[in-house]
Amino acid sequence: MGRILVLGAGVVGMTSAYGLAKKGHKVCVIDAAPGPAEAGASFGNGAQLSYFYTDAMASPSLAANIPKYILGLDPAFRVRMTISPAFMAWGLRFLANATQKAFERNTSDILKLALQSRLGIAELSEKIKFDYSQTGKITLFSSRESLMKAQRLSELKNRYGAGQVVLTRDQALEKEPALAHYGHSFEGAIWSPHDEAGDSSLFCKNLRVLLERDYGVRFLFNTKVRRIQTRANELVAIAAESEEIQCTRAVISLGAWTAPIARTAGISLPIWPVQGYSLTTPALASAPVASITDTARKMVFCRVGDRLRIAGLADIGPIDGKFREDRFRTLLTTARGIFPKAGDYDGEVHPWTGLRPVTPDSKPIVGCTKVKGLYLNCGHGSLGWTLSIATASKLAELVGASAAQS
Ligand SMILES: Cc1cc2nc3c(=O)[nH]c(=O)nc-3n(C[C@H](O)[C@H](O)[C@H](O)COP(=O)(O)OP(=O)(O)OC[C@H]3O[C@@H](n4cnc5c(N)ncnc54)[C@H](O)[C@@H]3O)c2cc1C
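In short, a report on the structure. Source: prediction; values computed, not measured. (Residues numbered from 1 in each chain as written. Predicted model: local features only at pLDDT ≥ 70, side-chain atom pairs only at ≥ 80, totals over all residues. Heavy atoms only, no water.)

**Quick notes on the overall build of the protein chain**
Piece 1. The helix and strand tally for the protein chain stands at 11 helices and 20 strands.
Piece 2. Relative to the compact-globule value of 22 Å for 406 residues, the protein chain shows a C-alpha radius of gyration of 21 Å, a close match.
Piece 3. Taken over 406 residues, the protein chain has a buried fraction of 56%.
Piece 4. Distance from the positive charge centre (48 side chains) to the negative charge centre (35 side chains) of the protein chain: 6 Å. (Helix = DSSP H or I, 4+ residues; strand = E, 2+ residues; numbered from the N terminus. Rg over C-alpha atoms; globule rule 2.2 N^0.38 Å. Buried < 20%, exposed > 50% of the residue type's maximum accessible area, 1.4 Å probe, protein only. Lys, Arg positive; Asp, Glu negative; His and termini not counted. Charge placed at Lys NZ, Arg CZ, Asp CG, Glu CD.)

**Focus on the site of the ligand**
Piece 1. In the region of the ligand, 34 residues are neighbours, and D31, S42, V225, G381 and T386 sit closest.
Piece 2. Note that an oxygen atom of the ligand is positioned 2.6 Å from one of the side-chain N or O atoms of D31.
Piece 3. In this structure, N45 approaches the ligand through a side-chain N or O atom, which is 3.0 Å from an oxygen atom.
Piece 4. Protein contacts shield 96% of the accessible area of the ligand, which totals 1000 Å² for the unbound molecule. (Near = heavy atom within 4 Å. Polar contact = N/O pair within 3.5 Å; in protein donor to acceptor, adjacent residues only side chain to side chain. Areas by Shrake-Rupley, 256 points an atom, 1.4 Å probe, with all protein chains shown as cover.)

**Regarding the packing of aromatic side chains**
Piece 1. Under the criterion given, the structure shown has 16 aromatic pairs.
Piece 2. Residues Y69 and F77 carry aromatic rings whose centres are separated by 4.6 Å and whose planes lie at 20 degrees to one another, so their mutual orientation is stacked.
Piece 3. With a relative accessible area of 3%, Y69 lands in the buried category.
Piece 4. The buried category is assigned to F77, whose relative accessible area is 7%. (Phe/Tyr/Trp six-rings, centres within 6.5 Å; stacked < 30°, edge-to-face > 60°.)

**As for the environment of T386**
Piece 1. As for its placement among the helices and strands, T386 is situated in helix α11 (residues 384-405).
Piece 2. Overall, the relative accessible area of 0% leaves T386 in the buried class.
Piece 3. Considered as a pair, T386 and D195 are 191 residues apart in the sequence and their alpha carbons are 9.9 Å apart.
Piece 4. Once residues within four sequence positions are removed from consideration, T386 is found in contact with Q48, L49, S50, Y51, A114 and S117. (Contact = heavy atoms within 4.5 Å.)

**So, the sheet that holds strand β10 (residues 225-231)**
Piece 1. The antiparallel open sheet is built from three strands, whose spatial order is β10-β11-β12. The sheet is open, and its two edges are formed by β10 and β12 (244-246), each paired on a single side. Sheet twist, expressed as the mean angle between neighbouring strand axes with direction ignored, is 25 degrees.
Piece 2. Bridge count between β10 and strand β11 (residues 234-240): six bridges; the pairing is antiparallel. Looking across to β11, one finds that R227 is bridged to A239. (Pairing = 2+ DSSP bridges. Axes fitted to C-alpha atoms, helices over the stretch in contact; angles between N-to-C directions.)

**Here's the deal with the packing of helix α5 (residues 100-124) against helix α6 (residues 144-158)**
Piece 1. Axis separation between α5 and α6 bottoms out at 11 Å; the angle between their running directions is 40 degrees. Taken together, the axis directions place α5 and α6 in an arrangement best described as oblique. In terms of crossing hand, the pair formed by α5 and α6 is right-handed. Mapping the contact onto sequence places Q100, F103, E104, T107, S108 and L111 in α5 and R152, L153, L156 and K157 in α6.
Piece 2. Each residue belonging to the contact of α5 with α6 can be placed in one class, and the counts come to four nonpolar, three polar and three charged. (Parallel < 35°, antiparallel > 145°, perpendicular 65-115°, else oblique. Left-handed = near helix turned anticlockwise from the far one by under 90°. Nonpolar A, V, L, I, M, F, W, Y, C, P; charged D, E, K, R; others polar.)

**Describing the packing of α5 against α11**
Piece 1. Packing of α5 against α11 leaves a shortest axis separation of 7 Å and a crossing angle of 85 degrees. Between α5 and α11, the angle falls in the class roughly perpendicular. On the side of α5, the interface is formed by I110, L113, A114, Q116, S117, G120, I121 and L124, while α11 contributes W385, T386, L387, S388, I389, A390 and T391.
Piece 2. Class assignment for the residues of the contact of α5 with α11 results in nine nonpolar, six polar and no charged.

**Let's talk about the pattern of salt bridges**
Piece 1. Summed over the entire model, instances satisfying the criterion amount to 17 salt bridges.
Piece 2. For the salt bridge of K112 with D109, the shortest nitrogen-to-oxygen distance reads 3.7 Å. With K112 and D109 both in helix α5 and three residues apart, the pair spans about one turn of that helix.
Piece 3. Owing to a relative accessible area of 37%, K112 belongs among the partly exposed residues under this scheme.
Piece 4. We note a salt bridge from E241 to R226, for which the minimum N-O separation is 2.5 Å. Of the two residues, E241 is situated in the loop between β11 and β12 and R226 in strand β10; the sequence distance between them amounts to 15 residues.
Piece 5. Here R226 falls in the partly exposed class, since its relative accessible area comes to 46%.
Piece 6. One salt-bridge network, held together by shared partners, links D109, K112 and K363. (Salt bridge = Lys/Arg side-chain N within 4 Å of Asp/Glu carboxyl O.)

**Observations regarding unusual backbone geometry**
Piece 1. In this structure, A37 is a non-glycine residue whose phi angle is positive, near 50 degrees.
Piece 2. For A37, the location among the structural elements is in the loop between β2 (27-30) and β3 (48-49).
Piece 3. The residue S362 is not glycine, and still its phi comes out positive at about 65 degrees.
Piece 4. Tracing the chain through its elements places S362 in the loop between β18 (350-358) and β19 (365-368).
Piece 5. A relative accessible area of 13% places S362 in the buried class.

By themselves, these figures tell us nothing about what the structure is for.
Pasting the structure below:
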């Protein structure tokens, strides 16, 4: 068997390469950027290994708030309508997943995947460094109603070992003294002891070293894929900007850019980019130690080494991925309001934007395609790093099984 090309060196492509190489495959990873996790969502994301906060994006409360999002009345969430047929089709499927039943099913399916990843991440943390921390997560709720709803979901998650507990305001303050500097009021919180954090960009960079050194994985950077060449429904080559790379097996892990490239092979995928923003600033003494999720403002605060990463905002619509100053300002102003003393907001602030590759049910797509030799590992939405190790091993099993058949 020849080598397998992995298209994309974001966290999903890098872990795909790891999963495949561990099974003895010869692997080559291709990316348009000069290095791993440089140009996509894996660079500046929320830094969460959120094994137990796996809530699907489509939910009854999101659906109820869509008019508000369209009218621009929620700073954290924006929906801009477009008449694109692909967007309409994705949107209808997304809405079909916004029932309570579908939301709970999707959330627990994602949770099961996340739990498979958890062991793999812990194992990798002994081999590579990535500012890994196991400080747990506190999720804050501003109203009694939202806390009660979350408590119900928490009971479901606890069946899988989440160990989550509801905290009163005072108990939350005791667990995380930095909440004394919280700029709003909150009704209560949920403590999730097993959630973790780290730097997914550093994870990818150091995983590259491991892959090259221990598994002989090769990398072709600065190589932009244009299309996938097939003959009689079999993969024959990957056409890049300046060369054609012959191959019989490849995996598409191009994050938010997956759908247009898959389309060149006649494969249509329900993945829509949902844009988010983050900022990274030195963590000051009053920064929280545990990760904090502010559900009312849909924002996450997390220490990554000696820095503080703050991420949030979800813009759905005709998105080009460009950095929008006004949206970044919204993130910065909201962050300042939540934890005024946590970061050096007037000094060193590194802004970033990225695209979450979101499927209607928030579940990643891992599988074979109608093109022989072409596989998918994509559509990881808001939890790509958290789910990456699980989907990589699923992919490696699948590739192994189809190799055994042919
Ligand atoms: C604001 C925000 C916060 C988030 N927070 C978290 C979090 O806390 N925890 C978590 O688990 N997940 C989080 N996510 C989601 C997570 O970042 C993504 O799900 C994950 O990074 C997707 O990884 P990927 O490898 O599929 O895509 P990407 O990381 O986007 O990688 C795609 C790669 O494809 C390459 N590429 C694109 N087009 C081409 C081409 N034509 N040819 C060659 N290469 C190409 C790009 O250069 C890039 O390297 C967040 C996302 C955002 C936006």
